[in-house]
Amino acid sequence: MVEPADRPSTAGQRLGAPESFGVSTLEPGLRPPAQPPGRLVSIRVQMLDDTQEVFQISQRSPGKVLFDLVCVHLNLSEGDYFGLEYQDHRKMTVWLDLLKPTLKQIRRPKNTILRFVVKFFPPDHTQLLEELTRYLFALQIKHDLACGHLICNDTSAALMVSHIIQSEIGEFDETQSWQHLLHNKYLPDQDAIRDKITDCHRKHVGQTPAESDYQLLEIARRLEMYGVRLHPAKDREGTKLSLAVAHIGVLVFQGYTKINAFNWSKVRKLSFKRKRFLIKLRADPAQNAHHDTLEFAMASRDCCKIFWKICVEYHAFFRLFEEPKPKPKPILFTRGSSFRFSGRTQKQIIDYVKDSELKKVPFERKHSKILSNSGVQSSSFGWQVPRESAMCVQVADQPDSTRLGQRAECNGSEEPPAATSTTNGFHDIPAAPGSDPTQSRQNHHGTGSAPDPQFLNPESPGSEDSPEGSPHVVVNGSGSVNGRGTGSIGVLGQSPDGRLLSPLTSPLLTDAGCVRHDDEDEARRKKFPTDKAYFIAKELLTTERTYLKDLQVITESFQSVAGKDEAFPDSVKNLISASYDPVYKFHQGFLKEVEQRLAQWEGRSNAHIKGDYQRIGDVLLKNIQGLRQLTVHLQKHSECLVELERACRSSRKAEAACRDFEQQRVCYLPLNIFLLRPLHRLLHYKLILERLCKHYPPTHDDFRDCRAALADISEMVLQLQGAMMKMENFQKLLELKKDLTGIDNLAIPGREFIRLGCLSKLSGKGLQQRMFFLFSDSLVYTSRGLTPSNQFKVHGQLPLYGMTIRESEEEWGVPHSFTLFGQRQSVVVAASCESEMERWVEDIRMAIDLAEQTSSPNTDLLSTSLSDNKLSEDGGAELESEEELCGSRSSLERQGQRGNTTVHVCWHRNTSVSMVDFSVAVENQLSGNLLRKFKNSNGWQKLWVVFTNFSLFFYKSHQDDYPLASLPLLGYSVTVPSESESIHKDYVFKLHFKSHVYYFRSESEYTFERWMEVIRSATCSASRSLPSTRKDLY
């Protein structure tokens, strides 16, 4: 019942609704329920078109009565997608509970305005069967764009606004469109992309408002932030995150980037205790895993309860066939919450609208200045899914730049479009049988767009940029993709043979809706180079981009910090500047030349020229000869490392400044590693040239240049290798010093690091996990303490001089155990597996030999500040709780600093690494675009991925200054997916650790083999093949 006295015409009349009550959303076929007796109270509701309506309800009426009145007033039969939200007395936004009395929830109805908004966002907008429903969803998208909730890149934002304007003012008129944009605010920073909006608008010729709504929803549902409402939280490590819920399950965001998703099928239970929100996951029978419980801390218990309620409702709406039945009331005591979802599920809505043959009722669009024919009917259900117009549709799925007060530059596609682009919305519905799940979202775009919620970077095909982005795919009337022809473009809602598709059948889920075929994929792929030399050159390009970014950390970021801090001596500042700035400037020019050559090779410029530019040896030869002129600067880089360490030792302020700098996101690796990057890069050039020379026949035009360049770079490596190996050892000792407490003087001349890792030490309390560090003169064992800096506390040390080692598995009955007999004490330790034990025994024996050759019995050992090692050892067991260990383990999937070093990863994953492994990792660095897929997701996410320091670092694009997330690979296994995993794509490899499974897809056989090669060098230690003679490395 609407208050008639406030205005001459009601909203229902404005929208063209009949005066009858129509159909109630919550009870199909019935009028709104009779209101209980009692005094009538007026409630104001703000609609999606910004109008306000006043409804009168009984003071005893449940929320369902008010909600039904709003839906009947709008003549909305699919109203269960919507809800009423308001601010309660705590200033928190909550949903109106349909089962509780309205006035018990709204304490001051005269001062409260409820908002009628979209509550449940379906993954596929074709599931919205009424034009009125799609119009209301379009209004919600318009509101989310204006208030900055729907984060996306400039291209997507401009395209969506152009569809909104098309539905409001009709055909493009330059003066009218410009004036309309001046007087209406659709985006927080609209002025910056006004030209782009008008360019898109002029292409929507002949598009009706209904079609504009459809196109708007088609773009919006691909965005990662579509329908997402963030709830601030923290993990056990205190990292600031946000939780959200979607049709697929519970999502975890860091900033505006999704970093994890827990599918409903994997969630066993959702609960909250005080301000802790708990997600209990099902055990994976295939992985033989135990139940996992994830814990997030929210601001208060009320915040937890609000989020828990919306999770319960989302799960019921999208996963259940019918409304859940109420629980029987307990006789004596209540346990837990009685809250439940009230209303029809999505399946019930679709079945009801489908079976009811509802009459199409025209309605008025408030903001539209044009007439809309909203009653075009199809043969089966009364209306037709709007066709896809032939205008430009830019599928810029991912937020390459987020609109948060500033808008980053949108990255263009720089890789061959052999790979698919992606979508940004989760899709929990499987593709039709026989169809490729990664192509199911490309159907009506005619471009192979890889379907997933997370493609971040518009770069090359098989690539991953972070949590989501994909190559921009443009479909225009001439049937071209990014300017390249792809064949005819189909009409949405119509099969290739002209038959109409049912509006209930999403074109994304059927073979009929797909207009792109494997033949087109293959033809499109063949337009780009397939020669192995091209992909080797492309590896040079991608790794050079990463290398230049690493140099910027020193030449720009660190020098900016050091220049403002008086704690750093001028001599150190000048030395770093003089040593690194010329190298950085040189590689800027080198990268530009490589980019130009690859563009010519791919045909993106001077496409008519072929043979002369399908080579890279001449560019390498020219620049390596130029690099030789910088040898004097490269030789000073080891001096820079020593002088910086000396400055930190002499000044606590300088040490604190370096420590603070390492906590910045741009410094994603220890600072000292960046200082040695130019020396490491020489090894990369050498390996790339070796692969080129091995690939080319001696008669090839490029072979002579490659061989000459290889000779030059080999000479440089030989000249600098001695200093490089000493500096790598020195740098590793400095890093270990930061991870250890109780050691005064670790980095001394002559001491060499050999291996670190986890072993179990046998004591009076049984086997206890300890972290062991093997040096050339001593073996140190530690435990992880509860220090603010997550350091390891030294418990004891064993001098290697005079030590003997004996396997003692039978003696102690402990698998993979061995005994170390020192001059003062003996220690029994056990490894996690036989191969791990063999590595430790081999390295310890080698270290004993070195100690006996180079040391005397009176050699100085590690000088610790522990007065009683035995006492510390006994007390060490209480330093770590199971909760702390679990919390740290859960943080390994995210980017961290001191708590996510190689030492901590080895501790949590019970493995070890040696200096040989670190040396191999220096050579096996790689970067490029990959497509990533989670175990429970249906789509692929495009990211820029950097492999270094035993970890994968994920970026939106190669232009980003810092990674969005990292994945330490120690302990992981890398394999090829089996047939049962249904990964029907080429060049896919699988990373697996316990219940964590990731799939990565590369663009070619060469890149696939390279990624497999470098990742194998850092995954399970059992897969690493180590040199037989290690003494040569020390």
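About the thresholds
- Residues numbered from 1 in each chain as written.
- Predicted model: local features only at pLDDT ≥ 70, side-chain atom pairs only at ≥ 80, totals over all residues.
- Heavy atoms only, no water.
- Helix = DSSP H or I, 4+ residues; strand = E, 2+ residues; numbered from the N terminus.
- Areas by Shrake-Rupley, 256 points an atom, 1.4 Å probe, with all protein chains shown as cover.
- Phe/Tyr/Trp six-rings, centres within 6.5 Å; stacked < 30°, edge-to-face > 60°.
- Buried < 20%, exposed > 50% of the residue type's maximum accessible area, 1.4 Å probe, protein only.
- Core = buried A, V, L, I, M, F, W, Y, C linked by side-chain atoms within 4.5 Å.
- Contact = heavy atoms within 4.5 Å.
- pLDDT = per-residue confidence, 0-100.
- Pairing = 2+ DSSP bridges.
- Axes fitted to C-alpha atoms, helices over the stretch in contact; angles between N-to-C directions.
- Salt bridge = Lys/Arg side-chain N within 4 Å of Asp/Glu carboxyl O.
- Expected span 1.5 Å × (residues − 1).
- Parallel < 35°, antiparallel > 145°, perpendicular 65-115°, else oblique.
- Left-handed = near helix turned anticlockwise from the far one by under 90°.
- Nonpolar A, V, L, I, M, F, W, Y, C, P; charged D, E, K, R; others polar.

1. Side note on the overall build of the chain
Across its full length, the chain holds 27 helices and 35 strands. Counting every atom, the chain has about 42,500 Å² of accessible surface; 50% of that belongs to carbon and sulfur.

2. Details of the packing of aromatic side chains
Here the structure, examined in full by the defined rule, presents 35 aromatic pairs. Residues F82 and F137 carry aromatic rings whose centres are separated by 5.6 Å and whose planes lie at 70 degrees to one another, so their mutual orientation is edge-to-face. Taken as a pair, F82 in strand β3 (residues 82–87) and F137 in helix α4 (residues 131–147) lie far apart in primary sequence, 55 residues in all. A relative accessible area of 3% means that F82 is categorised as buried. Since its relative accessible area comes to 1%, F137 is described here as buried.

3. Notes on the nonpolar core
Residues V45, F82, F116, M160, F277 and I279 are the most contacted members of the largest nonpolar core, which totals 102 residues. Top element by residues in this core is helix α9 (residues 301–319). It accounts for ten residues. Non-local contacts of I279, meaning those with residues more than four positions away in its chain, are made with V250, F262, V267, K269, L270, D292, T293, L294 and F296. Core analysis: the second largest hydrophobic core is formed by 81 residues, F535, Y584, L682 and V946 among them.

4. Considerations on the confidence of the model for the chain
Averaged over all residues, the pLDDT of the chain is 75; the fraction at 70 or higher stands at 71%. Of the regions scoring below 50 in pLDDT, residues 1–30 engages in 72 contacts with residues more than four places distant in sequence or in other chains. Low confidence marks residues 1022–1034, where pLDDT is under 50. Its contacts with residues over four positions away, or in another chain, come to 34 contacts.

5. A look at the sheet that holds strand β35 (residues 996–1001)
Spatially, seven strands are ordered β32-β31-β30-β29-β35-β34-β33 in an open sheet, and the strand pairing comes out antiparallel. Two strands in the sheet have a free side with no partner beyond their single neighbour: β32 (965–968) and β33 (973–975). Mean inter-strand twist for the sheet, computed between neighbouring axes without regard to direction, equals 35 degrees. Alignment of strand β31 (residues 951–955) against β32, held across four bridges, turns out to be antiparallel. In the sheet register, L952 faces β32, and the bridge partner there is L967. Sitting on the sheet, helix α12 (residues 532–564) touches β29 (926–934) and β30 (941–948), and the angle it makes with β29 is about 95 degrees.

6. Description of the sheet that holds strand β5 (residues 113–118)
The pairing of strands in a sheet happens through backbone hydrogen bonds and is either parallel or antiparallel. If you walk across this open sheet you meet the five strands as β2-β1-β5-β3-β4, and the pairing is mixed. Lying at the two open borders of the sheet, with one neighbouring strand each, are β2 (52–58) and β4 (93–95). When strand polarity is set aside, the average angle formed by the axes of neighbouring strands in this sheet is 40 degrees. Two elements, β3 and β5, share four bridges in a ladder whose sense is antiparallel. From the neighbouring strand, E85 faces β5, where its bridge partner is R115. Across the sheet, α4 is in contact with β3 and β5; its angle to β5 comes to roughly 110 degrees.

7. Focus: the pattern of salt bridges
Oppositely charged side chains may form a pair once their charged atoms are brought near each other. Considering all chains together, one arrives at 42 salt bridges under this definition. Note that E168 is salt-bridged to K142, the shortest N-O span being 2.8 Å. Taken together, the positions of E168 in helix α5 (residues 154–169) and K142 in helix α4 put the pair 26 residues apart, joining distant regions of the chain. Accessibility assignment for this pair places E168 and K142 in one class, buried. Residue D144 pairs with R229 through a salt bridge whose shortest N-O separation is 3.0 Å. Placement of the pair is D144 in helix α4 and R229 in the loop between α8 (209–220) and β6 (231–234), with a sequence separation of 85 residues.

8. Some points on helix α16 (residues 637–650)
The end-to-end C-alpha distance of α16, which contains 14 residues, comes to 20 Å, matching closely the 20 Å that a straight helix rising 1.5 Å per residue would cover. Along α16, the residues classified as buried are H637, S638, C640, L641, L644, E645, A647 and C648.

9. Here we look at unusual backbone geometry
In this structure, D50 is a non-glycine residue whose phi angle is positive, near 75 degrees. Structurally, D50 can be placed in the loop between β1 (40–46) and β2. For H816, which is not a glycine, the phi torsion comes out positive at approximately 55 degrees. Note on placement: H816 falls in the loop between α21 (809–812) and β26 (817–821).

10. Some remarks on the packing of helix α13 (residues 570–602) against α16
In contact at an axis separation of 10 Å, α13 and α16 are set at 150 degrees when each is read in the N-to-C sense. When the interaxial angle is binned, α13 and α16 end up roughly antiparallel. In the packing of α13 onto α16, the handedness of the crossing is left-handed. Residue-level contacts link V572, L575, I576, S579, Y580 and V583 of α13 to H637, E639, C640, E643, L644 and A647 of α16. Of the residues assigned to the contact of α13 with α16, the class counts are eight nonpolar, two polar and two charged.

11. Remarks on the packing of helix α14 (residues 617–628) against helix α19 (residues 677–695)
At a minimum axis distance of 13 Å, the contact between α14 and α19 shows a crossing angle of 150 degrees. In terms of orientation, α14 and α19 fall into the roughly antiparallel class. The element α14 and its partner α19 pack so that their crossing is left-handed. Each of L620, I624 and L627 in α14 lies in contact with α19, whose residues at this interface are L682, Y685, L689 and L692.

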